[in-house]
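Remarks on the overall topology
Spelled out from the first residue to the last, the chains are:
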Amino acid sequence: MRTALFLLLALFLGSAAAEARNTEYHLAIADVLHGPDAGHLDGVAFYFGKQSAPPVAQRFGDYVANRKSNSFGRSDQDACRRAMLDALIALRDRAKELGGNAVINIVSYYWKRPASSESDYECHAGGFVAGVALKGTVVTLGGR
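Residues numbered from 1 in each chain as written. Predicted model: local features only at pLDDT ≥ 70, side-chain atom pairs only at ≥ 80, totals over all residues. Heavy atoms only, no water.

Turning next to the overall build of the protein chain. The helix and strand tally for the protein chain stands at three helices and six strands. Ordered by position in the sequence, the α and β elements of the protein chain form the string α-β-α-β-β-α-β-β-β. Relative to its full complement of 144 residues, the protein chain shows a buried share of 40%. Sequence-distant contacts in the protein chain: of pairs separated by 6 or more residues, those separated by 24 or more amount to 82%. Element-wise, carbon and sulfur atoms account for 56% of the exposed surface of the protein chain, whose accessible area totals about 8400 Å². (Helix = DSSP H or I, 4+ residues; strand = E, 2+ residues; numbered from the N terminus. Buried < 20%, exposed > 50% of the residue type's maximum accessible area, 1.4 Å probe, protein only. Contact = heavy atoms within 4.5 Å. Areas by Shrake-Rupley, 256 points an atom, 1.4 Å probe, with all protein chains shown as cover.)

Structure, rendered in structure tokens:
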């Protein structure tokens, strides 16, 4: 009887510990675009939500960047900023690969749910990882 009770208690405690934390944040895009690592984004312009951009000369399609960042030893917000920077770098790399010079109509795309904002991005933080997903259209702007 004691063994069964012990196993039941262990199962209950184990399932509670396995339940993952998923804290949703909406953080300022400007903190990443103008932060200390913003130099990694050079060469490609980023336009979020409904921000107006110069005329589009060529469209290359929509692309998704889904990046995670280790949050061990840092705040959720710091891990989110790193995940956002990594997602933007992925979009930058895709634009350069295709010959584009901008990514427009960028929206948060966590769990494939578009959330449009000109000022904030969505990040989800758990016990060990923070994640950002972005979706945007790679283009060439102007008469390039």
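After presenting the structure, the write-up continues.
This paragraph deals with a nonpolar patch on the surface. On the surface, Phe72, Phe128 and Val129 cluster together into a nonpolar patch covering about 380 Å² of accessible area. For Phe128, the position within the fold is in the loop between β5 (120-125) and β6 (129-141). The exposure class assigned to Phe128 is exposed, which follows from its relative accessible area of 61%. (Patch = residues over 30% accessible without salt bridge, like charges linked within 9 Å, V, L, I, M, F, W, Y side chains within 5 Å. Salt bridge = Lys/Arg side-chain N within 4 Å of Asp/Glu carboxyl O.)

So, on to the nonpolar core. If you look at the biggest cluster of nonpolar residues, it comprises 30 residues, and the most contacted ones within it are Phe46, Met84, Leu88, Val103, Tyr121, Val132 and Leu134. The set of elements that each furnish at least two residues to this core consists of β1 (23-28), α2 (29-33), β2 (45-48), β3 (56-70), α3 (76-98), β4 (102-108), β5 and β6. Looking at this core element by element, the count peaks at eleven residues for α3. Those residues within four positions of Leu134 in sequence are excluded, and the remaining contacts are Tyr63, Val64, Ala65, Met84, Ala87, Leu88, Leu91, Ile106, Val107, Ser108 and Tyr109. (Core = buried A, V, L, I, M, F, W, Y, C linked by side-chain atoms within 4.5 Å.)

This paragraph deals with the packing of aromatic side chains. In this structure the tally under the stated criterion is one aromatic pair. Geometrically, the ring pair formed by Tyr110 and Trp111 is edge-to-face, given 5.1 Å between the ring centres and 65 degrees between the ring planes. Given the relative accessible area of 55%, Trp111 is considered exposed. (Phe/Tyr/Trp six-rings, centres within 6.5 Å; stacked < 30°, edge-to-face > 60°.)

Summed over the entire model, instances satisfying the criterion amount to one disulfide. Note on cysteine connectivity: Cys80 is disulfide-linked to Cys123, with sulfurs 2.1 Å apart. What sets the handedness of the Cys80 and Cys123 disulfide is the S-S torsion sign, and at about -85 degrees it is left-handed. Taken as a pair, Cys80 in helix α3 and Cys123 in strand β5 lie far apart in primary sequence, 43 residues in all. Per residue, the accessibility class of Cys80 equals that of Cys123, and both read buried. (Disulfide = S-S within 2.5 Å.)

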